[in-house]
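Listed below, chain by chain, are the residues.
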Amino acid sequence: MTALSDIYSRLPDNIDDLPKPMTPEDVAEADRRARHWSSSIPGPLRPGSPEHKKAVADMFRETFNPYKPSVIDWPELDPQTLRRITSLPIWDIAVQTEGKARLRMAAYARVIDDPDMKDAISRNAWEENRHKEVLSRLVEAYGIEMAPEPPYIEPDDVEWAYLVTGFSECVDSFFAFGLFRVAEDSGFFPPELIETFEPVMQEECRHILLFANWLAWYRATMPLWRRPWFEAKVVAVWAFLAWERIGLARSVDADGVEHTQDNNFTVSGAKDMSADDLSLPDFLQLCLSEDERRFSGYDERLVRPTTTPAIAKALVFVLGLFGKRPGGSALKTAAA
Ligand SMILES: [Fe+2]
Ligand SMILES: [Fe+2]
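Residues numbered from 1 in each chain as written. Chains lettered and ligands numbered in written order. Predicted model: local features only at pLDDT ≥ 70, side-chain atom pairs only at ≥ 80, totals over all residues.

Caption draft 1: Quick look at the packing of helix α5 (residues 91-111) against helix α7 (residues 158-186). Here α5 crosses α7 at 135°, and the two axes come no closer than 9 Å. As far as their axial angle goes, α7 and α5 are oblique. Here the hand of the crossing between α5 and α7 comes out left-handed. Taking contact as the criterion, the partners of Lys100, Ala101, Arg104, Met105, Ala107, Tyr108 and Val111 in α5 are, on α7, Val158, Ala161, Tyr162 and Thr165. (Axes fitted to C-alpha atoms, helices over the stretch in contact; angles between N-to-C directions. Helix = DSSP H or I, 4+ residues; strand = E, 2+ residues; numbered from the N terminus. Parallel < 35°, antiparallel > 145°, perpendicular 65-115°, else oblique. Left-handed = near helix turned anticlockwise from the far one by under 90°. Contact = placed C-beta atoms within 7 Å.)

So this is what it looks like as structure tokens:
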């Protein structure tokens, strides 16, 4: 049986053959292609059809950016910025999330029979491994103290693990898009770090686009008798995610020091990163517009993740009933 590390550390077309950019234009062109993609297949792309499935795999392969994100010569930071960045309660959870995602995606890719979906999900596992490497190098470069990583255990129920990772990414990416915009606009992160992590954000957008289309394809092609069981599993995954996000994750390092990690940082961190007083409706509205912007370059016939944006819209509506309407500075910058 293939080792999972063989899946997440090697691209189907071999990581060693990744081209080196010849000019800055090559880098800019790869970035543009990662953000814009349409299928040449005419007509509707109905989930369950061979055309849809092929388009999904083509999208994922053809929007791959071979150059970025990459490990950079991490810029020297002034003491204040360094302190601000190293004290964020996210580094352990970020590295571990990427480590878990690469393993779970590789585990699912290994058992899936369909060659198109196998190819796309294997590539997704590889990209998670690249995210983990970039993050690990940043942590090392800035001397961020980390709790030891727990062992990454191969899941018994690979479908459950893939669903948890996929839906988690849908929730976390939606809020991370907004948070990243806040960090950029407020100057919380220096420009070099923004530039390095911007392609990570866009890759997460591609990942959740793949997940939403895999899910639509999976539902459409599964035997009818399996559907009720599967939908019950999806409900259980959402319940699990809600439970997971209620508390803070705590871990203890080798010296007995407790590290507290915030599972909800993508939401709760917005206030810390913004110079202005960012209200919840403003932040949600910012997440919605960033979500739309990041997806806008991809073929409209592909399915989009809808649950988290729908929850955010509902929240904006409910908060509006209590007189809390969006309208702060974050909105103006997002629209710019
Ligand atoms: Fe990732
Ligand atoms: Fe991802």
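Still to come is the rest of the account.
Caption draft 2: Focus on the environment of Met222. By the secondary structure assignment, Met222 is in the loop between α8 (191-221) and α9 (227-246). Residue Met222 is classed as partly exposed on the basis of its 13 C-beta neighbours within 10 Å. For Met222 and Gly48, which are 174 residues apart along the polypeptide, the C-alpha to C-alpha distance reads 9.2 Å. In contact with Met222, not counting residues within four places along its chain, are Arg227 and Phe230. (Buried ≥ 20, exposed ≤ 12 C-beta atoms within 10 Å, placed from the backbone.)

Caption draft 3: Expanded view of the nonpolar core. With 68 residues, the main nonpolar core has Val56, Met105, Ala106, Ala109, Ile121, Ala125 and Cys287 as its most contacted residues. Contributions of two or more residues to this core are made by α1 (4-8), α3 (50-62), α5, α6 (115-141), α7, α8, α11 (280-295) and α12 (307-321). Per-element tally for this core: the top contributor is α7, with 15 residues. Apart from the residues lying within four places of it in its own chain, the contact partners of Cys287 are Phe174, Phe175, Phe177, Gly178 and Ala312. (Core = buried A, V, L, I, M, F, W, Y, C linked by C-beta atoms within 7 Å.)

Caption draft 4: Structural view of unusual backbone geometry. Lys68 connects to Pro69 through a cis peptide bond whose omega is 0°. Its place among the elements puts Pro69 in the loop between α3 and α4 (79-86).

Caption draft 5: Seen up close, the environment of Phe175. You can see Phe175 is positioned in helix α7. Through-space distance from the C-alpha of Phe175 to that of Ala312 is 9.6 Å; in sequence the pair is 137 residues apart.

Caption draft 6: Geometry of α11. Taking 1.5 Å of rise per residue, the 16 residues of α11 would be expected to cover 22 Å, and the 23 Å separating its terminal C-alpha atoms lies within 8% of that figure. Three or more residues of α11 are buried, namely Pro281, Asp282, Phe283, Leu284, Gln285, Leu286, Cys287, Leu288, Glu290, Asp291, Arg294 and Phe295. (Expected span 1.5 Å × (residues − 1).)

Caption draft 7: Geometry of the environment of His36. Mapping His36 onto the fold places it in the loop between α2 (24-35) and α3. Sequence-wise, His36 and Phe295 are 259 residues apart; in three dimensions their C-alpha atoms are separated by 8.9 Å.

Caption draft 8: Quick peek at the confidence of the model for the chain. For the chain, per-residue confidence averages 88 on the pLDDT scale, and residues scoring 70 or more make up 87% of the total. Taken element by element, the chain is modelled with least confidence in helix α13 (residues 329-335), mean pLDDT 41, and with most confidence in α3, mean pLDDT 97. In the model, residues 329-336 has pLDDT below 50 throughout and makes 15 contacts with residues more than four positions away in sequence or in other chains. (pLDDT = per-residue confidence, 0-100.)

Caption draft 9: Up close: α6. Look at α6: 39 Å from first C-alpha to last across 27 residues, which is about the 39 Å you get at 1.5 Å a residue. Phi turns positive, to about 60°, at Gly143, one or two residues after α6.

Caption draft 10: Focus on the packing of α7 against α12. Here α7 crosses α12 at 50°, and the two axes come no closer than 9 Å. Our classification of the angle between α7 and α12 gives oblique. Contacts between α7 and α12 involve Cys170, Val171 and Phe174 on the former and, on the latter, Thr307, Thr308 and Pro309.

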